[in-house]
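# Residue-level structural notes
Listed below, chain by chain, are the residues.
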Amino acid sequence: MSKLNILRIDASMRVKGSTGRQLSDQLIDRLGQGQQLKVVNRDLSQGISFISDAWIEANFTDKAERSPQQQGVLAQSDALVGEVRDADVLVLAVPIYNFGVPAAFKAWVDQIARARETFRFTERGPEGLLTGKKAYVIVTSGGTPMFSDIDFASGFVRHVLGFIGITDVTFIGADKQLMDAEALAKAEAQIAAIAA
Ligand SMILES: Cc1cc2nc3c(=O)[nH]c(=O)nc-3n(C[C@H](O)[C@H](O)[C@H](O)COP(=O)(O)O)c2cc1C
């Protein structure tokens, strides 16, 4: 049996008690019913670098011309891009922090959105290079309704995934948890209904 390669990205800075992590566990269990999985975990609460002056210069230098130092500057980014490239399915759990994505998630996006690696510019505009993948995005929030005018996270995640070529995206909302006692149960029901 062939294995489904999953990249799990946790963007909650809470390690214990994170509802996004709990729902990711359930979703991955669901996806594993009837097939073998290989799961790569990228837990952004464990730290991620911001891009820098040296990073930008190295990224704009042709691959063949990069110095060993420049290759070192891009090493984490290369690894993160490789994780996305190797995945068949991405499972992202992204909480809304201050109406947007957590800073660590934005740092991850800055590390993986790379011209010539994950997108390229054509005469028709930008083209994503990581096609043929599926993504599930679990959005958690206390009170901000998902996809509302004050949710600057969900639309951003959808756009960024599309920008790198991932257009088959399913959102699972566990939003408004402080206002809706059923918020988690609704997300769990949506996960249970996903065909594995
Ligand atoms: C720093 C911080 C900022 C937050 N900002 C918002 C917000 O703007 N809107 C909202 O609805 N909830 C906000 N919350 C609540 C979280 O979105 C909510 O607790 C969510 O469940 C976190 O995901 P988790 O359970 O996976 O940790 C914030 C939480 C933290 C820690």
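Refer to the preceding data block for the structure.
Notes on the structure follow. (Residues numbered from 1 in each chain as written. Predicted model: local features only at pLDDT ≥ 70, side-chain atom pairs only at ≥ 80, totals over all residues. Heavy atoms only, no water.)

## Some thoughts on the packing of aromatic side chains
The condition is simple: Each Phe, Tyr or Trp ring (for Trp, its six-membered ring) is paired with any other whose centre lies within 6.5 Å, and the angle between the two planes then decides the class: stacked below 30 degrees, edge-to-face above 60, tilted in between. Burial status follows relative accessibility: with a 1.4 Å probe on protein chains alone, a residue under 20% of its type maximum counts as buried, one over 50% as exposed, and anything between as partly exposed. Under the scheme used here, helices are H or I runs from DSSP no shorter than 4 residues and strands are E runs no shorter than 2 residues, and both carry numbers assigned from the N terminus.
This model, assessed by the stated rule, comprises 4 aromatic pairs. Taken together, a centroid distance of 5.7 Å and an interplanar angle of 90° make the contact between F119 and F121 edge-to-face. According to the relative accessible area criterion, F121 is exposed, its value standing at 60%. Geometrically, the ring pair formed by F119 and F163 is tilted, given 4.4 Å between the ring centres and 40° between the ring planes. Here F119, found in strand 4 (residues 119–122), pairs with F163, found in helix 6 (residues 154–163); they are 44 residues apart in sequence, far enough to count as distant.

## Overview of helix 2 (residues 53–60)
This is how the line gets drawn: Comment: arc refers to directions from the helix axis out to C-beta atoms. Contacts: residue pairs with any heavy atoms within 4.5 Å of one another.
Taken residue by residue, helix 2 has W55, A58 and N59 as its buried positions. Along helix 2, the residues classed as buried sweep out an arc of 100° about the axis, all on the same side. Turned more than 90 degrees from where helix 2 packs its buried face, D53, E57 and F60 sit exposed. Check the buried side of helix 2 and you find it contacts helix 3 (68–73), helix 4 (75–86) and helix 5 (103–112).

## Re the environment of V157
Mapping V157 onto the fold places it in helix 6. Taking the relative accessible area as the measure of exposure, V157 reaches 2% and is therefore buried. Between the C-alpha atoms of V157 and Q46, which are 111 residues apart in sequence, the distance is 20 Å.

## Some thoughts on the nonpolar core
Let me state the cut-off plainly: What makes a nonpolar core is a set of buried Ala, Val, Leu, Ile, Met, Phe, Trp, Tyr and Cys residues whose side-chain atoms join them at distances within 4.5 Å.
Among the nonpolar cores identified, the biggest contains 33 residues, and V84, L92, F105, W108 and V137 are the most heavily contacted of them. Looking at this core, the element that brings in the most residues is helix 5, giving 6 residues. Contacts of V137, omitting those with residues within four sequence positions, involve L92, V94, V157, L161, V169, T170, F171 and I172. Counting 16 residues, the second largest nonpolar core, distinct from the first, contains L27, V89, A93 and I191.

Geometry only, nothing functional implied.
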